[in-house]
Structure formats: structure tokens, C-alpha cells
Amino acid sequence: MSEQNRLGVFKTYKLYVGGKFPRSESGRVYEVTDSKGQWLANAPQSSRKDARDAVVAARKAFGGWSGATAYNRGQVLYRVAEMLEGRKEQFVREVAASEGLSKSKAAAVVDAAIDRWVWYAGWTDKIGQISGGANPVAGPFFNLSTPEPTGVVAVLAPQKSSLLGLVSVIAPVIATGNTAVVIASADAPLPALSLGEVLATSDVPGGVVNILSGATAELAAPLAGHQDVNAIDLTGAGAELAKELEIAAADNLKRVLRPLPAEADGSDASADWLAAPGTHRLTAFLETKTVWHPTGALGASGSSY
């Protein structure tokens, strides 16, 4: 068959929940358009049931992921970068269409997203050194503080930065041993849904990252009030929605991460997210466990140890 007579094969975008690719429980889809209003694809319109299913998957995966060594988590994140590198051309096309960027600018964004995975991969076994350690106490005790993951984190991805911003909010959550339920950019969800395919073909266990697409407010409300969600990242929420979600999150004392001014969803995506991320997102969803242990009797000869 000649190229002129060949019918194109349109990509079917699906959710990524529990390591699988379900359609929305509601069966709904919505049209995704580019910056000029031209149709790109139909994305699944996630329902509240999809959000609850994603929380169940994230909780199920939490024990194994948080129990893995930090070194192993670093290897897994680096593998994600490898797989994303191999599909760079696809993501350049999707980012260019989603964000209205030229091919060269989209390529720079994708390169930065790959580098961001590598950057956080390097931090997995080092963050404990800056957020924990031995505490000086006056007494015959060892006093040690160590960071531990918070649990299931609901993440509202940036609305403008469909890939780099997305990676910048997901990677630190899972690097520190948490699991994530991610609400992709409502207007530009395609790179996020494709990222699910990268995660599935990497070594990330199913359920560690769950990606939903649809109306941010509709999905965020049940997650903010969910009793089995331990924390929420409000980066992709506007000021009014963020206030409502904070109130809902207080019901079970969730940790709440408010976006920095440079990360607000109405800002220029590339200029803000290309900046060095720092460590504040790594420490945002960590709990500190402090352990006291007696050193034994101290005499003139010193410790009994």
C-alpha cells in the first residue's frame, strides 16, 4: 500500500493506575487541543471512582517501595531517565503541541526533564544526610533522627508545564519512598499520559505512580478529603481551589505543600521549571523519626560499649 493511501493509526491515551492502563471508569473522554485550538487527541475524563482506585493502588504499593533501599530507588529513577531518553522524539512532539513551543525549545524542555530524573536519582541515598543524623544530647544516650516517607501523596501537576513541571513534582515524591496519585494538567495531559507508558516499561513497581487526567477540581476534591491520602501538593491548583483543598486536607492532618511563587500554575512554565530545583520538594513529604538508645553505664573508664 502506498504511503498516500495509508490510514494513520491514532494513539489511544489511557490512564495509568496500579501499573495498568484502564480507561476511565465513567467511559468519558474530552478533547485535547493544541495552542491554536486544533484537535490533538481524546483524553480520558477521570471520575472520582478513578481517583479512589488510584489511592488504593498507591497504598498497596507503598510498603514495598518505601521498604526498598534508597540506592535501589535511585537505580529505578535512573532507569526512567534511560527510557525517556529513548522516546525523546515522541515527547518533543507532544510537548511542542501541548505548550505551543518550537521544536528546538520543546527539545530543551524534554532534555531538562530527563536530566531532572537523573538529578533526583542521585539524591535518593543522600537526602538522609541533610535531613537526619545524630543529635547532641546531655546524657548517656544515642539520639538519632532519620527521615521516613509520609505515605500516599496526591500531586496536582502544573497546568502550564506539561512534562518538565510534571517530572519536577513527581520525581521528588517517589525518590524519598512515597507513592503518588497525580492529576495531570487539564489542558495538556498528553505528555503525562505518555509518561505512564515510560514508567510501565521502567522498573517502577505498579502503583508507585498513578496518573489521572481530567478536570483538576473534580479530581482534587475527593483526594484532599480522602482519609488514606497522607499529603497533597497544590502546585497545579489556583488560589481559590487551593484554599478549599487545604480546608479539606485538614480533616486528617495531611501535609500540604503550597507552590513557591515561581511555580504557580499561571507563570511562564519553561523559565520557572528550568531553574535548579533545590531540595525543598525532597524534604516536603518526609517524616522525622527520632530514636533514643542508652549508651550503657559511663564510668571512669568510659562507656561500657
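Quick look at the structure, then. (Residues numbered from 1 in each chain as written. Predicted model: local features only at pLDDT ≥ 70, side-chain atom pairs only at ≥ 80, totals over all residues. Heavy atoms only, no water.)

### Here we look at the overall build of the protein chain
At step 1: Looking only at helices and strands, the protein chain features eleven helices and twelve strands.
At step 2: Computed over C-alpha atoms, the radius of gyration of the protein chain comes to 21 Å, within 12% of the 19 Å expected from 2.2 N^0.38 for 305 residues, which places it in the range of a compact globule.
At step 3: In terms of overall dimensions, the protein chain has a C-alpha envelope of 90 × 40 × 35 Å along the principal axes.
At step 4: For the protein chain, with 305 residues in total, the buried portion stands at 47%.
At step 5: For the protein chain, the exposed surface amounts to about 14,200 Å²; the carbon and sulfur share of it is 55%.
At step 6: Measuring between centres, the 28 positive side-chain charges of the protein chain sit 4 Å from its 30 negative side-chain charges. (Helix = DSSP H or I, 4+ residues; strand = E, 2+ residues; numbered from the N terminus. Rg over C-alpha atoms; globule rule 2.2 N^0.38 Å. Buried < 20%, exposed > 50% of the residue type's maximum accessible area, 1.4 Å probe, protein only. Areas by Shrake-Rupley, 256 points an atom, 1.4 Å probe, with all protein chains shown as cover. Lys, Arg positive; Asp, Glu negative; His and termini not counted. Charge placed at Lys NZ, Arg CZ, Asp CG, Glu CD.)

### Remarks on helix α2 (residues 70–86)
At step 1: The end-to-end C-alpha distance of α2, which contains 17 residues, comes to 25 Å, matching closely the 24 Å that a straight helix rising 1.5 Å per residue would cover.
At step 2: Of all the positions in α2, only R73, G74, V76, L77, V80, A81 and L84 are classed as buried. The buried residues of α2 occupy an angular sector of 160 degrees when projected down its axis, which confines them to one face. Across α2 from its buried face, at more than 90 degrees, point the exposed residues Y71 and G86.
At step 3: Contacts made by the buried residues of α2 are with α1 (48–67), α3 (88–99), α4 (103–123), α6 (164–175) and α7 (190–200). (Expected span 1.5 Å × (residues − 1). Arc of directions from axis to C-beta. Contact = heavy atoms within 4.5 Å.)

### Observations concerning the layout of surface pockets
At step 1: One number sums up the size of the second largest pocket: a volume of about 180 Å³.
At step 2: In this structure, the second largest pocket is lined by 14 residues; those nearest its centre are T12, Y13, R23, V29 and N42.
At step 3: At four residues, strand β2 (residues 39–44) tops the list of elements feeding residues into the lining of the second largest pocket.
At step 4: Residue composition of the lining of the second largest pocket, grouped by class: six nonpolar, four polar and four charged. (1 Å grid on protein atoms, 1.4 Å probe; cavity = no way out; pocket = protein on both sides within 12 Å on 5 of 7 lines; lining within 4 Å. Points joined across faces, edges and corners; volume = space filled by probe spheres on them. Nonpolar A, V, L, I, M, F, W, Y, C, P; charged D, E, K, R; others polar.)

### Quick notes on the environment of G132
At step 1: Looking at the element boundaries, G132 is found in the loop between α5 (127–131) and β3 (133–134).
At step 2: Residue G132 is classed as partly exposed on the basis of its relative accessible area of 25%.
At step 3: Separated by twelve residues in sequence, G132 and L144 place their C-alpha atoms 7.6 Å apart.
At step 4: Look past the residues within four positions of G132 in its chain and what remains in contact with it is S145 and P147.

### Some thoughts on the pattern of salt bridges
For side chains bearing opposite charge, pairing can occur when the charged atoms are close.
At step 1: A complete count under the given rule lists 13 salt bridges for this structure.
At step 2: As a salt-bridge pair, R87 and E197 come within 2.6 Å of each other at their nearest N and O atoms. Here the residue R87 occupies a position in the loop between α2 and α3, and E197 occupies one in helix α7, the gap between them amounting to 110 residues.
At step 3: The partly exposed category is assigned to R87, whose relative accessible area is 24%.
At step 4: Each of K11, R87 and E197 takes part in salt bridges that share partners, so that together they form one network. (Salt bridge = Lys/Arg side-chain N within 4 Å of Asp/Glu carboxyl O.)

By themselves these figures say nothing about function.
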